[in-house]
Amino acid sequence: MKNGAIAVEIHTEHIKLDSLLKYAGAAETGGDAKLAVQEGRVRVNGESCTQRGKKIYPGDRVEIGGVLITVEKRQ
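To keep things clear, this report deals only with the structure shown in the data block. Worth saying up front: this structure is predicted, and the values here are computed from it rather than measured. (Residues numbered from 1 in each chain as written. Predicted model: local features only at pLDDT ≥ 70, side-chain atom pairs only at ≥ 80, totals over all residues. Heavy atoms only, no water.)

**A word on the pairing of strand E6 (residues 61-64)**
Right, on to step 1. Only one face of E6 is covered, namely the face carrying Val62 and Ile64; the face carrying Arg61 and Glu63 is uncovered.
Right, on to step 2. Of the strand pairs in this sheet, strand E3 (residues 42-44) and E6 are connected by three bridges, and their pairing is antiparallel. In the strand pairing of E6, Val42 is matched with Ile64.
Right, on to step 3. Where E6 lies against strand E7 (residues 67-73), four bridges are found, and the strand directions are antiparallel. By the bridge assignment for E7, Val62 is matched with Ile69. (Buried < 20%, exposed > 50% of the residue type's maximum accessible area, 1.4 Å probe, protein only. Helix = DSSP H or I, 4+ residues; strand = E, 2+ residues; numbered from the N terminus. Pairing = 2+ DSSP bridges.)

**Looking at the pairing of E7**
Right, on to step 1. Judged from the seven bridges that link them, strand E1 (residues 4-10) and E7 form a sheet pairing that is parallel. Note that in E7 the partner of Glu9 across the bridge is Glu72.
Right, on to step 2. What sits between E6 and E7 in their antiparallel hairpin is a turn of two residues, with Gly65 showing a positive phi close to 50 degrees.

In structure tokens:
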């Protein structure tokens, strides 16, 4: 995935970090997402995160490989 920004809309209260990475296209598979998180290549709101099941809420910002993913609540 190239550098840039992605806005992802969710219709639930939260989404798990590994699911978000796959949904946003930042990881091709759930396994790729799990590995990226375990290796510490993901930052949530500016801090390194190694919890793949971490709950991500609207307003949170996730960074991986030069890509910034912002989470928004679907209206």
